[in-house]
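In case you want the letters, here they are:
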Amino acid sequence: MDDITGSFRLGPDSGRVVIKTGRAGLAARAGHDLTIEVTRWSATVTVPGDGVAAAEVTAELDLGSLAVLEGTGGAKPLSDKDRRDILNTAGKILGRGTARFTSSRIIPAASGGAIEGTLTLGGATRPARLQLVSRGPGQYRGTATVRQTDHGITPYTGFFGALKLKDEVTVEVEADLTRAAREK
């Protein structure tokens, strides 16, 4: 991780949060692997003078701000109606509230590192780990795996259970501290 200090406020203007889903079940070929963006979110990264290992990270994701970017695979391409139906179903499953991440430990490494903490989603708080890769000074790409059932969420099923959303979804985060607002 880079040698930076200060407090940074991140959001869609300085980063990105994307959720990737997969499909399973006998009718998996009929469904789509989805790429969904969280369009409203904020994060604060505070790196004290004693180093990045003592940094703190918090983030809030607005679950009512999801946008379906892409659907790969499937029997036919996603239509606008499919996208609306997916968002409606996601709203029923996830609610329209907020997911929250709070760091508890930063593990710096030359190529990026990891951020460990807790994710609160669906009323349950569980451990989470974001694996980071540095893409340049102050620029990071991170990946985490979230198991829906760990948060009391029943993954989507369709076609009488023949089409299922995999329990594990991938969350990809991009953050550019050089474009983030510095807090005083």
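Residues numbered from 1 in each chain as written. Predicted model: local features only at pLDDT ≥ 70, side-chain atom pairs only at ≥ 80, totals over all residues. Heavy atoms only, no water.

Asker: Any chance you could explain the nonpolar core here in plain terms?
Answerer: Soluble globular proteins: nonpolar side chains tend toward being buried together. Counting residues in each nonpolar core, the largest one holds 38 residues, and the members touching the most others are Leu10, Val38, Trp41, Ile115 and Leu121. Of the residues forming this core, the biggest block, four residues, is contributed by strand 5 (residues 41-47). The contacts of Ile115, once residues within four sequence positions are left out, are Val57, Phe101, Ser103, Arg105, Ile106, Ala128, Arg129, Leu130 and Leu132. (Core = buried A, V, L, I, M, F, W, Y, C linked by side-chain atoms within 4.5 Å. Buried < 20%, exposed > 50% of the residue type's maximum accessible area, 1.4 Å probe, protein only. Helix = DSSP H or I, 4+ residues; strand = E, 2+ residues; numbered from the N terminus. Contact = heavy atoms within 4.5 Å.)

Asker: Explanation requested: the sheet that holds strand 12 (residues 157-158) in the structure shown.
Answerer: Hydrogen bonds between backbone atoms are what pair the strands of a sheet, whose relative direction is either parallel or antiparallel. Spatially, 3-13-12 is the arrangement adopted by the three strands of the open sheet, whose pairing is antiparallel. If you trace the sheet from one side to the other, it starts and ends with strand 3 (23-24) and strand 12, each paired once. With two bridges connecting them, strand 12 and strand 13 (residues 163-165) associate as antiparallel partners. For Gly158, the partnering residue across the bridge sits in strand 13 and is Leu163. (Pairing = 2+ DSSP bridges.)

Asker: In this structure, what is going on with the confidence of the model for the protein chain? I would like to understand it.
Answerer: It should be kept in mind that the predicted coordinates are not to be read in detail where pLDDT is low. Taken residue by residue, the protein chain gives an average pLDDT of 92. The fraction at 70 or more is 98%. Confidence, read as mean pLDDT per element, is least for strand 12 in the protein chain (84) and greatest for strand 2 (residues 15-20) (98). (pLDDT = per-residue confidence, 0-100.)

Asker: It is not clear to me how the side chain of Glu37 should be interpreted in this structure. Could you clarify?
Answerer: Among the secondary structure elements, Glu37 is positioned in strand 4 (residues 33-38). Within polar-contact distance, the side chain of Glu37 engages the side chain of Arg16 at 3.3 Å. Here Glu37 is in contact with Arg16, Val17, Val18, Ser65, Leu66, Ala67 and Leu69, once residues within four sequence places are set aside. (Polar contact = N/O pair within 3.5 Å; in protein donor to acceptor, adjacent residues only side chain to side chain.)

Asker: Whenever I open this one, helix 1 (residues 80-94) confuses me. Can you help?
Answerer: Two residues of an α-helix separated by three or four positions point the same way, owing to the 3.6 residues in each turn. Taking 1.5 Å per residue, 15 residues should reach 21 Å; helix 1 reaches 21 Å between its end C-alpha atoms and fits that length. Among the residues of helix 1, those classed as buried are Asp82, Ala90 and Gly91. Considering only its buried residues, helix 1 is in contact with strand 7 (66-72). Positioned one or two residues after helix 1, Gly95 has a phi angle of 85°, which is positive. (Expected span 1.5 Å × (residues − 1).)

Asker: Mind showing me how you'd approach the pattern of salt bridges here?
Answerer: Close approach of charged atoms allows side chains of opposite charge to pair. Summed over all chains, the structure comprises 14 salt bridges. Residue Arg100 pairs with Glu60 through a salt bridge whose shortest N-O separation is 3.3 Å. Of this pair, Arg100 sits in strand 8 (residues 98-109) while Glu60 sits in strand 6 (residues 56-62), placing them 40 residues apart in sequence. Measuring nitrogen to oxygen at the nearest pair gives 3.9 Å for the salt bridge that ties Glu174 to Arg135. Remark: Arg135 occurs in strand 10 (residues 124-136) and Glu174 occurs in strand 14 (residues 168-176); sequence separation between them is 39 residues. The class for Glu174 is partly exposed, based on a relative accessible area of 23%. Salt bridges linked by common partners bring Arg105, Glu116 and Arg129 together as one network. (Salt bridge = Lys/Arg side-chain N within 4 Å of Asp/Glu carboxyl O.)

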